[in-house]
Amino acid sequence: MAENKGYAHPEVLVDADWVEAHLNDPKVRLIEVDVDTSAYEQGHIPGAVGFNWQKELQDQVIRAPINKEQLEELLSRAGVSNDTTIVLYGDNNNWFAAWAFWLLTYYGHKDVRLLDGGRAKWVADRRPLTTEVPSYPRTEYRAEEPHREVRALRDEVLSKLGNSHVALVDVRSPGEYKGELLAPPNLPQEGAQRGGHIPGAKNIPWASAVREDGTFKSADELRAIYESQGITGDKEVIAYCRIGERSSHTWFALRYLLGYPNVRNYDGSWTEWGSLIGVPIEK
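Residues numbered from 1 in each chain as written. Predicted model: local features only at pLDDT ≥ 70, side-chain atom pairs only at ≥ 80, totals over all residues. Heavy atoms only, no water.

## Quick look at the packing of helix α5 (residues 91-106) against helix α10 (residues 246-257)
Point 1. Look at α5 against α10: their axes get within 7 Å of each other, and the N-to-C directions meet at 65 degrees. Of the two possible hands of crossing, α5 and α10 adopt the one that is left-handed. Residue-level inspection shows Asn93, Trp95, Ala98, Trp99, Phe101, Trp102 and Thr105 of α5 in contact with α10, the latter providing Arg246, Ser248, His249, Trp251, Phe252, Arg255 and Tyr256.
Point 2. For the contact of α5 with α10, the per-class residue count stands at 8 nonpolar, 4 polar and 2 charged. (Axes fitted to C-alpha atoms, helices over the stretch in contact; angles between N-to-C directions. Helix = DSSP H or I, 4+ residues; strand = E, 2+ residues; numbered from the N terminus. Left-handed = near helix turned anticlockwise from the far one by under 90°. Contact = heavy atoms within 4.5 Å. Nonpolar A, V, L, I, M, F, W, Y, C, P; charged D, E, K, R; others polar.)

## Some points on the side chain of Arg246
Point 1. Secondary-structure assignment places Arg246 in helix α10.
Point 2. One polar contact links Arg246 to Glu176, side chain to side chain, over a distance of 2.9 Å.
Point 3. Every residue in contact with Arg246, bar those within four places of it in the chain, is listed here: Trp95, Val171, Arg172, Ser173, Glu176, Pro184, Trp206 and Cys241. (Polar contact = N/O pair within 3.5 Å; in protein donor to acceptor, adjacent residues only side chain to side chain.)

## Points about the nonpolar core
Point 1. In terms of nonpolar packing, the biggest core is built from 57 residues, with Leu57, Leu88, Phe216 and Phe252 touching the most fellow members.
Point 2. Counting residues per element, this core draws most heavily on α5, which supplies 10 residues.
Point 3. Taken domain by domain, this core gets at least three of its residues from each of domain 1 (13-146) and domain 2 (149-274).
Point 4. The residues touching Phe252, leaving out its near neighbours within four places in the chain, are Val12, Leu13, Phe101, Leu114, Phe216 and Leu257.
Point 5. Grouped together as the second largest cluster of nonpolar side chains are 14 residues, Val157, Ile198, Tyr266 and Trp270 included. (Core = buried A, V, L, I, M, F, W, Y, C linked by side-chain atoms within 4.5 Å. Buried < 20%, exposed > 50% of the residue type's maximum accessible area, 1.4 Å probe, protein only. Domains from an automatic or database assignment.)

## Some thoughts on the sheet that holds strand β1 (residues 13-14)
Point 1. A sheet is described by the order of its strands in space; here 5 strands give the open sequence β1-β5-β4-β2-β3, paired in parallel fashion. Sheet topology places β1 and β3 (49-52) at the edges, where each strand pairs with a single neighbour.
Point 2. In this structure, strand β4 (residues 85-89) lies alongside strand β5 (residues 112-115), joined through 3 bridges in parallel fashion. Bridge pairing in β5 places Leu88 opposite Leu114.
Point 3. In the packing of α5 onto the sheet, the strands contacted are β2 (28-34), β4 and β5, and the crossing angle to β5 comes to about 175 degrees. (Pairing = 2+ DSSP bridges.)

## Considerations on the packing of aromatic side chains
Point 1. Under the definition given, this model contains 15 aromatic pairs.
Point 2. Plain terms: the ring middles of Phe101 and Phe252 are 5.0 Å apart, the flat faces sit at 80 degrees to each other, and that makes the pair edge-to-face. In this pair, Phe101 sits in helix α5 while Phe252 sits in helix α10, placing the two residues 151 residues apart along the sequence.
Point 3. Taken together, Trp53, Trp95, Phe96, Trp99, Trp102, Tyr106, Tyr107 and Trp206 form an aromatic cluster joined through their ring pairs. (Phe/Tyr/Trp six-rings, centres within 6.5 Å; stacked < 30°, edge-to-face > 60°.)

## Here's the deal with the UniProt feature "domain: Rhodanese" (unreviewed entry) in the protein
Point 1. The residues that UniProt annotates with the feature "domain: Rhodanese" (unreviewed entry) are residues 24-131 and 162-282.
Point 2. The span residues 162-282 carries 26% helix and 12% strand; its end-to-end C-alpha distance comes to 13 Å. (UniProt positions renumbered as here; feature names shortened; annotations may be inferred.)

And the structure:
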């Protein structure tokens, strides 16, 4: 288990030692979630199955996460049961693993955890990797109806603008927040018709929650960062980024590490908001 660091729910964050100790545990399933799918093929944690965020966790027609039946099929194929402990990790500082954590919470999986530091730290620490793709006996996974309280939709966000009980967190880079960029600096500048941020949103980049090695800061450090910007546990907090993955990382930190009771991820994020006709934008 990851060192506690004062977290409200320390059990949802595991460290590499815990994962190594459970590599052969039939009740634990490791899942690597990447946006760069060649990463898994080059080497992954032994026993881990790989999910392609773009192709397997997103609906291929509608812009939305996969539906309940699609998730059931995906997890059944991966040999996951309803009582399996799922440990997620991946590239890009666990952005997409955190998004998968959010998705599994949305569909009511009981025991899901994140590997602190993700793929990069595992590789940097020279932990074991394999190119062998595991196969597990098929299960009959059953997801719950969506837990809508962890998700914010655009009309809800619009209706809450100016509400002092709601705190919006824009977790993108300062350049994106200011409207100078439409995407992270290293990516093609596309995805929205306008730059800027949702009115009233505070800019707390996702990376302020982690150390240089990608592991999360302590609860005290996190609390100081968010509270200094008025992001407190007595408010309804809505996090967003460009496509909802960096904001899942912040959603995880606020909901599980700090224990904020009402945190939602606006997965439509700036790609949606920056292209809507007639909604207010601040630069």
